[in-house]
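Here are the chains, one letter per residue:
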Amino acid sequence: MPRIWAGIDAGKAHHHCVVVDVEGNRLYSKKVPNTETDILNLLAHVAGLADGHELTWATDLNQGGAALLIAVLTAHGQNVLYLPGRTVYTAARTYRGDAKTDAKDAWIIADQARMRRDLYPISISDEIATDLRLLCAHRTDLMTDRTRILNRLRATLLEYFPGLDAALDFAKSPAGLTLLTGYQDAASLRRMGVTRLSAWLRRRGYHRPERVAQAAVDAAHAQHTVLPGQSAAAVIVAKLATDVLRLTADAAEIEKRIEARLREHADAELLLSVPGFGPMLAAEFTAATGGSMTRFATADRLAGVAGLAPAPRDSGRISGNNHRPKRYDRRLLRACYLSAQVAAIWCPTSRAFYERKRGEGKSHTQAVLALARRRINVIWAMLRDRTTFQHPAAIAASTT
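Report follows, based on the coordinates. (Residues numbered from 1 in each chain as written. Predicted model: local features only at pLDDT ≥ 70, side-chain atom pairs only at ≥ 80, totals over all residues. Heavy atoms only, no water.)

What follows deals with the overall build of the chain. When its secondary structure is counted, the chain shows 17 helices and seven strands. The C-alpha atoms of the chain give a radius of gyration of 28 Å, which is well past the 21 Å a tight globule of 400 residues would have. Taken along its principal axes, the extent of the C-alpha atoms in the chain is 90 × 65 × 50 Å. A burial count over the chain gives 45% of its 400 residues as buried. Within the chain, residue pairs in contact and separated by at least 24 positions form 62% of the contacts whose partners lie at least 6 positions apart. Distance between charge centres in the chain, computed from 54 positive and 39 negative side chains, equals 6 Å. (Helix = DSSP H or I, 4+ residues; strand = E, 2+ residues; numbered from the N terminus. Rg over C-alpha atoms; globule rule 2.2 N^0.38 Å. Buried < 20%, exposed > 50% of the residue type's maximum accessible area, 1.4 Å probe, protein only. Contact = heavy atoms within 4.5 Å. Lys, Arg positive; Asp, Glu negative; His and termini not counted. Charge placed at Lys NZ, Arg CZ, Asp CG, Glu CD.)

This brings us to the sheet that holds strand β2 (residues 14-21). Strand order in this open sheet of five strands is β3-β2-β1-β4-β5, and the pairing throughout is mixed. Single-partner strands in this sheet number two, and they are β3 (26-33) and β5 (79-82). Here the strands of the sheet are splayed against their neighbours by 20° on average, with no regard to which way each runs. Taken together, the four bridges between strand β4 (residues 54-59) and β5 define a ladder with parallel strand orientation. When the bridges of β5 are listed, T59 appears paired with Y82. Lying on the sheet, helix α4 (residues 102-115) is in contact with β1 (3-9), β2, β3, β4 and β5; it crosses β2 at an angle near 45°. (Pairing = 2+ DSSP bridges. Axes fitted to C-alpha atoms, helices over the stretch in contact; angles between N-to-C directions.)

Now for the environment of G85. Take G85: it is sitting in helix α3 (residues 85-92). It is 5.3 Å that separates the C-alpha atoms of G85 and D60, two residues lying 25 residues apart in sequence.

The next subject is the packing of helix α1 (residues 36-50) against helix α2 (residues 67-75). Remark: α1 packs on α2, axes separated minimally by 10 Å, with the N-to-C direction vectors making an angle of 45°. As far as their axial angle goes, α2 and α1 are oblique. In terms of crossing hand, the pair formed by α1 and α2 is right-handed. Two secondary-structure elements touch here, α1 through E36, I39, L40 and L43 and α2 through L68, L69, V72 and L73. Tallied by class, residues from the contact of α1 with α2 come to seven nonpolar, no polar and one charged. (Parallel < 35°, antiparallel > 145°, perpendicular 65-115°, else oblique. Left-handed = near helix turned anticlockwise from the far one by under 90°. Nonpolar A, V, L, I, M, F, W, Y, C, P; charged D, E, K, R; others polar.)

The next point concerns the side chain of E284. By the element assignment, E284 lies in helix α12 (residues 279-289). The buried category is assigned to E284, whose relative accessible area is 11%. What E284 contacts, discounting residues up to four positions off in sequence, is C136, R139, R334 and A335.

Right, here's the structure in full:
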């Protein structure tokens, strides 16, 4: 039966589509705006070229600018395959010519889909998983901005008042950041004194702020030299402290929304029962997996996507040379790794497994990765059987 393949080099404003037949000949090539009407027109035209025969689509993006395209195609029952951009880049070097154009990339995508049998179809994440992906990405942006601004604040403070930076841990002290919004130099802190400064912080909602006030005033009494640029730096520090407090509040609000949305998912209670999984890591795991295990045929496939299945690099007489794969979902690896690291501290069973791997000569990172790989099998079985996590001791007692 004749078949055709449509390769799409996806973009933000436009996509380029190239259609090839079973021999690899180009049947169609066109640049298409990223609008619903144009995508529907493209679908109708390519379906006309297929003339009722089997039609397969392939694209190099599975979200972002390709989200509308994928949603339209899947809503009309089309088979859409995902060809990662790294694979397209590697495959392009095997084709003739050094030119790089959207049309050539689309043709390579279509040709690879025609020849390969190991590409996975794109499945649409459920609504809750999509919401969690967007919310978690926004939270990551907020925390990244907070860290950057906090580092800039400390660097500026070191320019004229290093003692205050050493006295207070601004990364963990909201009261210290609030203090900087009102008093940024040693002279003003000395004038306020511990009692008045404590009262000032207490009026702003901080309970027992005496320790912060005492540390700040002690640092002020230890420095009487006024350094060049202090007045300008103090204004900058006050503004940066305000920005850090705002970002902290925004991140806390987003975390509440993430947890509330996670609780609505069918897998929430199952994931939260696993040692090491809190609301944030459970939300990241749900977002990375699309909210369902249906896209992963086996636990081994899930481990491979998470980067927890080592890839062998054997050659000649060298064997057993295993490395982390180059292609994996970093969001999923992060959720699995951090949850395993927490479990190795607080869960006796995970701790025993971690200690055994350390006893075998593995480094901390290797032992945590091995634990994360073992936990993938447990999580897979839990989600498959719809059961919560049970410690081995509890299972043995119930069996007895």
